[in-house]
Amino acid sequence: NSIVELNVQFVIDESGSVNSGDGNENNYANSIDFVKNLVRNSINSQSKISALAFNYQQDIIYQFDQQQTDRENGIIAALNEEALDYDESTTDTFNAIVRGIELFGSVSAIQNPDLNAMFLITDGEPYCNGDSDCRAPLCQLSNGQSIVSSDG
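Residues numbered from 1 in each chain as written. Predicted model: local features only at pLDDT ≥ 70, side-chain atom pairs only at ≥ 80, totals over all residues. Heavy atoms only, no water.

J.: For this particular structure, what's the right way to read the overall build of the protein?
T.: A count of helices and strands for the protein gives three helices and five strands. Listing the helices and strands of the protein from first to last along the sequence gives β-α-β-β-α-α-β-β. Long-range pairs, those at least 24 residues apart, make up 76% of the contacts in the protein between residues at least 6 apart in sequence. When the accessible surface of the protein is summed, it comes to about 7,700 Å², and 44% of that surface belongs to carbon and sulfur atoms. (Helix = DSSP H or I, 4+ residues; strand = E, 2+ residues; numbered from the N terminus. Contact = heavy atoms within 4.5 Å. Areas by Shrake-Rupley, 256 points an atom, 1.4 Å probe, with all protein chains shown as cover.)

J.: Would you mind showing me how to read helix 1 (residues 27-41) here?
T.: Count 3.6 residues to each turn of an α-helix, and residues three or four apart come out pointing the same way. In this model, helix 1 (15 residues) spans 21 Å end to end at C-alpha, consistent with the 21 Å of a helix rising 1.5 Å per residue. Listed in full, the buried residues belonging to helix 1 are Asn 27, Tyr 28, Ser 31, Ile 32, Val 35, Lys 36 and Val 39. (Expected span 1.5 Å × (residues − 1). Buried < 20%, exposed > 50% of the residue type's maximum accessible area, 1.4 Å probe, protein only.)

J.: What's the story with helix 2 (residues 75-83) in this structure? I'm lost.
T.: Residues Ile 75, Ile 76, Ala 78, Leu 79 and Glu 82 constitute the buried set of helix 2. When helix 2 is viewed along its axis, its buried side chains cluster within an angular range of 160° and face the same direction. At its buried positions, helix 2 is contacted by strand 1 (7-13), helix 1, strand 2 (48-54) and strand 3 (58-62). (Arc of directions from axis to C-beta.)

J.: Could you clarify how one ought to interpret the nonpolar core in this entry?
T.: Nonpolar side chains in soluble globular proteins tend to be buried together. Ranked by size, the top nonpolar core spans 20 residues in total, and within it Phe 10, Ile 12, Val 35, Val 39, Ile 61, Ile 75 and Leu 79 carry the most contacts. Listing elements by their share of this core, those giving two or more residues are strand 1, helix 1, strand 2, strand 3 and helix 2. With residues up to four places along the chain from it excluded, the contact list for Phe 10 reads Val 35, Leu 38, Val 39, Ile 43, Ile 49, Ser 50, Ala 51, Leu 52, Phe 119 and Ile 121. (Core = buried A, V, L, I, M, F, W, Y, C linked by side-chain atoms within 4.5 Å.)

J.: How should I be thinking about the side chain of Lys 36 in this particular structure?
T.: Relative to the helices and strands, Lys 36 is located in helix 1. A polar contact is formed between the side chain of Lys 36 and the side chain of Asn 80, at a distance of 2.4 Å. (Polar contact = N/O pair within 3.5 Å; in protein donor to acceptor, adjacent residues only side chain to side chain.)

J.: Help me understand the packing of helix 1 against helix 2 in this model?
T.: The relative placement of two packed helices comes down to the angle between their axes together with the axis-to-axis distance. Here helix 1 crosses helix 2 at 175°, and the two axes come no closer than 9 Å. Relative to helix 2, the element helix 1 is oriented roughly antiparallel. Contacts between helix 1 and helix 2 involve Tyr 28, Ile 32, Val 35, Lys 36, Val 39 and Arg 40 on the former and, on the latter, Ile 75, Ile 76, Leu 79, Asn 80, Glu 82 and Ala 83. Looking at the contact of helix 1 with helix 2 residue by residue, the classes come out as eight nonpolar, one polar and three charged. (Axes fitted to C-alpha atoms, helices over the stretch in contact; angles between N-to-C directions. Parallel < 35°, antiparallel > 145°, perpendicular 65-115°, else oblique. Nonpolar A, V, L, I, M, F, W, Y, C, P; charged D, E, K, R; others polar.)

J.: Teacher, can you tell me more about the pairing of strand 4 (residues 116-121) here?
T.: Regular strands place side chains that alternate from one sheet face to the opposite one. Counting buried positions along strand 4 gives five out of six residues, so the element sits mostly inside the fold. Relative to strand 4, strand 1 is paired through six bridges, and the arrangement is parallel. Paired with Val 8 across the two strands is Ala 117, which belongs to strand 4. (Pairing = 2+ DSSP bridges.)

J.: Looking at this structure, I do not really get the pattern of salt bridges. What am I missing?
T.: Oppositely charged side chains may form a pair once their charged atoms are brought near each other. Using the criterion set out here, one finds three salt bridges in the structure. The residue Asp 33 makes a salt bridge to Lys 36 at a minimum N-O spacing of 3.3 Å. Taken together, the residues span about one helical turn, with Asp 33 and Lys 36 both in helix 1 at a distance of three residues. Accessibility expressed as a relative area gives 34% for Asp 33, which makes it partly exposed. Overall, Lys 36 belongs to the buried group, its relative accessible area being 10%. In this structure, Glu 72 engages Arg 40 in a salt bridge whose closest nitrogen and oxygen atoms are separated by 2.7 Å. Within this pair, whereas Glu 72 is found in the loop between strand 3 and helix 2, its partner Arg 40 is found in helix 1, the two being separated by 32 residues in sequence. On the accessibility criterion, Glu 72 (41% relative accessible area) is partly exposed. Arg 40 gets classed as partly exposed once you look at its relative accessible area, which sits at 42%. (Salt bridge = Lys/Arg side-chain N within 4 Å of Asp/Glu carboxyl O.)

Written as structure tokens, this is what we have:
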């Protein structure tokens, strides 16, 4: 059995609706914890990981070409810091997806783009930049070699 090297990207919604009105004001922190648990327990050590938080801007939390071997001091530390930086503003899901796709293509650390996995973590209230379907840019990744998952 060989280990498959994935290029895993988490695109995390940081908009105001994530923490509004349901009595649970920790939804953004819960999203960050969910990603940390996946990184620690479910993603093999051969895979490269990136994370992007989005509201109306796209803030890169961690990039594919950053240190990948010590995850606790790399991606996990960056996620811990991000959990304290909830911006709670408007969102732009469409451009966050586009930016995430650009990251897959622009980073030299991705030597084998055969299997890219993007996880879009949102509350299900996307703003699509006037487009009626935010999933349209995801079609670029859906080529039989990519995994696309939207949770929210």
